[in-house]
Every structure is written in C-alpha cells, then in structure tokens.
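Okay, here's what each chain looks like letter by letter:
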Amino acid sequence: MKHEIVITAPGHKGTLERLVQEFSAIKLWEATDRAAALKEAAPRVRALAHSGHSKVDGHLMDALPKLEIISNFGVGVDQIDLDAAKQRGIIVTNTAGVLNECVADCAMALVLNTLRKFPQSGTYLRAGNWQTRGAYPLGTSIGGKTLGILGLGRIGEAIAKRAQAFGMNIRYHNRNQKNVPHAYDADAATLAANSDVLLVITPGGADTDKLVNARVLDALGPQGYLVNVARGSVVDELVLLRYLQEKKIAGAGLDVFEHEPKVPPEFFALDNVVLTPHVASATFETRKAMGDLQVENLHLHFAGKPVKTPVT
Ligand code: NAP
Ligand code: 8YV
C-alpha cells in the first residue's frame, strides 16, 4: 500500500512525477476548496512534500494533525515555520549538499558578469552600438580582488574554491569562526569594508533580515560590488536600489529578490546591475538530485529510518 502525502505545489516536473507514482498524493494546489481537501486528508496524512516559497505555517500543520515530516525541495527553509514544526514534533528535511556546486557556479557567474559587464556588452552589440559607437567601455578585473563571503557554509565554501581558482583573495563572516585558511571579520560591515565584492550566501529568515543594510553598503563603498544568491530578505532591496542609482556602490549581481517573482522595475533601467530570476540551482542534473533527495527522505521516514538531511 502506498503512503499518503500532501504535495503543496507542482514544482519540478520529474520530482512531481516520482511523488505521484511512489505515494498516494493529494495535490493541494488543484483543490478547489483547500480547507475541505485538508480536512478530508487530516485523519491519514503523515507527510508533506513542499516546494517553492509559499509559507508552511502552524495553521497548515494544525490542519494535518497526524503530520510527522515536511520534506522540502530546496536547502533554504525560511518559508517553513521551524519553531512551529518543532513544537509539534514534526521533522523538517531539506536538500542540503546536492546543489552546492551549481549554486556556486551561478555565484561566480554573477561575480564575473557584474564586474566585467558581459550581459550589458552583449546588449550593446545586439543594439548595433559596436559599429556606430565603437568599443564597449572597460570592465573591472576579478583576479587579485578580495571576495567577502557573508555565510561561509556548504555553498560559501564551494564559492571560495572557485574564486581562489580565479585568483581572488577570500575573507568571510559567519556568526561562528571556522577552522578555514580564510581571514575572518567579526561583522558584515567590517567584511564589506575589507572586500571588493561582498557575496551573500546566508540563509534567509528573521535572523538575517536586512543584514545587508545602508551601513554595510556604505562600508562596501563606491568601488565595491554586491552579489546576492541567498534570499532577497537578507538585503535591504530599496536601499540597494538607491545606492545603485546614486552610484554609492559600483554594481550588483542579484539572483534573489524580496518579493519574488516581483522585481522593482527601477532595477531594469540600471546599467550597473545584473539580474537573474532565482536560477542558481536550476539545472537538469541538480534539480533531479534535489527531487531525488526530497523523495528519499520521505521513503526513509516511512520505513522508520533516520532521514538523510534533517534541518536541525
Ligand atoms: P549552510 O551550510 O547552513 O551555510 C549557511 C552559512 O551562513 C553558515 O556558515 C552560517 O554560519 C552562516 N550564517 C547563518 N546565519 C548567519 C547570520 N545571521 N550572520 C552571518 N552568517 C550567518 O547553508 P547552505 O547550504 O550553504 O545554503 C545557504 C543558503 O543559500 C540557503 O539557506 C538558501 O537560502 C540559499 N540558497 C539560494 C539558492 C538560489 O537558488 N539562489 C540556492 C541554494 C541556496 P553561522 O551559523 O556560524 O553563522
Ligand atoms: C530553489 C533555493 O530555487 O535550495 C534553495 O534554497 O533557493 C533553490 O535551490 C528553490 O528552493 C526551489 O523551490
């Protein structure tokens, strides 16, 4: 007999196919009456498969009183109320580890594109400006520059490895100093002051809300660049927009935004920002690996075994 689960959103196609095939699945997004669908499932459902950035709060958990596990598609779990899950004894799992390399690739691409302005130079070419106005203006080298990593965790370390291969010097700030060969700064503003590029890869959520604020951007200064592949909430987006407009920092590369998929259109007019639509883990291989891990955690739990990637 297949175990019954609730799936909150369609998410990655191959993963949805597996979830539907391997479990008896209730597709919450298809329910015309969501409350009624949850009420009907409540006496039986022990697992929730979640993807995307909609909230999983105490109300949803209470609607499924037999819930034992929330298996998330994604490493970041800022959209899940972890305290509410803990209070109810619900295990939360994520897809830690399998996306490090792809997210680090994206981070490095944003560093390169932001300093070298490759996307803008392509737009210049396509507009015919190369012929009419001549060579595209010079960019900034990354070799020899200092990359300040705010959040040197699994992904941060994969970024550091790549940046070193590009000849960058690495510094970092975490709340806890690590046993790594990189220079440590005691807070985000000091890291920004000591860096040419500040790269944000902390978790989202209340603890990091607007950690990169005017004080940190002032410390980064007019020659400094910001790259954010963490969560939009970690950076004060409106302050960043103003700093880019007023050239109080040199430029930014952003994969994540405060109110996705909405992005303030004022960013589109700026030549000193490179924007991507939250694609850091978006490859066929990595999304499959994430889905496989999400499904594996569910199977392990139903088999009475420890899950592979619990969020602690
Ligand atoms: P991780 O291994 O847990 O690393 C997070 C790092 O951030 C840790 O080193 C942690 O160190 C530090 N940190 C946490 N809170 C902090 C704070 N308040 N101030 C300073 N440093 C803090 O996580 P990961 O697997 O590398 O993933 C990091 C995040 O990247 C995810 O949570 C997710 O939000 C984001 N992400 C984005 C994408 C994308 O598509 N753009 C893809 C994957 C992940 P301390 O605990 O010592 O502070
Ligand atoms: C995904 C992410 O885009 O893992 C994360 O934390 O942000 C990304 O890998 C997202 O979680 C998919 O829902």
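Read on for a plain summary of the structure. (Residues numbered from 1 in each chain as written. Chains lettered and ligands numbered in written order. Predicted model: local features only at pLDDT ≥ 70, side-chain atom pairs only at ≥ 80, totals over all residues. Heavy atoms only, no water.)

1. Points about the site of ligand 2
- Surrounding ligand 2, one finds G52, H53, F73, G74, V75, G76, L99, R231, H278, S281, R287 and M290.
- At a separation of 2.8 Å, an oxygen atom of ligand 2 approaches a polar backbone atom of G76.
- Compared with its free state, where it exposes 320 Å², ligand 2 has 88% of that area covered by protein.
- Tallied by class, the residues present in the shell around ligand 2 amount to four nonpolar, six polar and two charged. (Near = heavy atom within 4 Å. Polar contact = N/O pair within 3.5 Å; in protein donor to acceptor, adjacent residues only side chain to side chain. Areas by Shrake-Rupley, 256 points an atom, 1.4 Å probe, with all protein chains shown as cover. Nonpolar A, V, L, I, M, F, W, Y, C, P; charged D, E, K, R; others polar.)

2. Re the packing of aromatic side chains
- In this structure the tally under the stated criterion is three aromatic pairs.
- When the ring of F23 is compared with that of F302, the centres are 6.0 Å apart and the planes differ by 45°; the resulting orientation is tilted. Highlighted residues: F23 in the loop between α1 (13-22) and β2 (24-27) and F302 in helix α12 (residues 284-302), separated in sequence by 279 residues.
- For F23, a relative accessible area of 2% gives the class buried.
- A residue is classified by how much of its surface remains accessible, and F302, at 13% relative accessible area, is buried.
- A centroid spacing of 5.1 Å and a plane angle of 70° characterise the contact between Y124 and Y136, whose relative ring orientation is edge-to-face. Placement of the pair is Y124 in helix α6 (residues 118-126) and Y136 in the loop between α7 (129-133) and β6 (146-150), with a sequence separation of 12 residues.
- Note on Y136: relative accessible area 22%, which makes it partly exposed.
- Above the face of the Y243 ring, K248 is positioned so that its terminal group lies 4.7 Å from the ring centre. (Phe/Tyr/Trp six-rings, centres within 6.5 Å; stacked < 30°, edge-to-face > 60°. Helix = DSSP H or I, 4+ residues; strand = E, 2+ residues; numbered from the N terminus. Buried < 20%, exposed > 50% of the residue type's maximum accessible area, 1.4 Å probe, protein only. Lys NZ or Arg CZ within 6 Å of the ring centre and 35° of its normal.)

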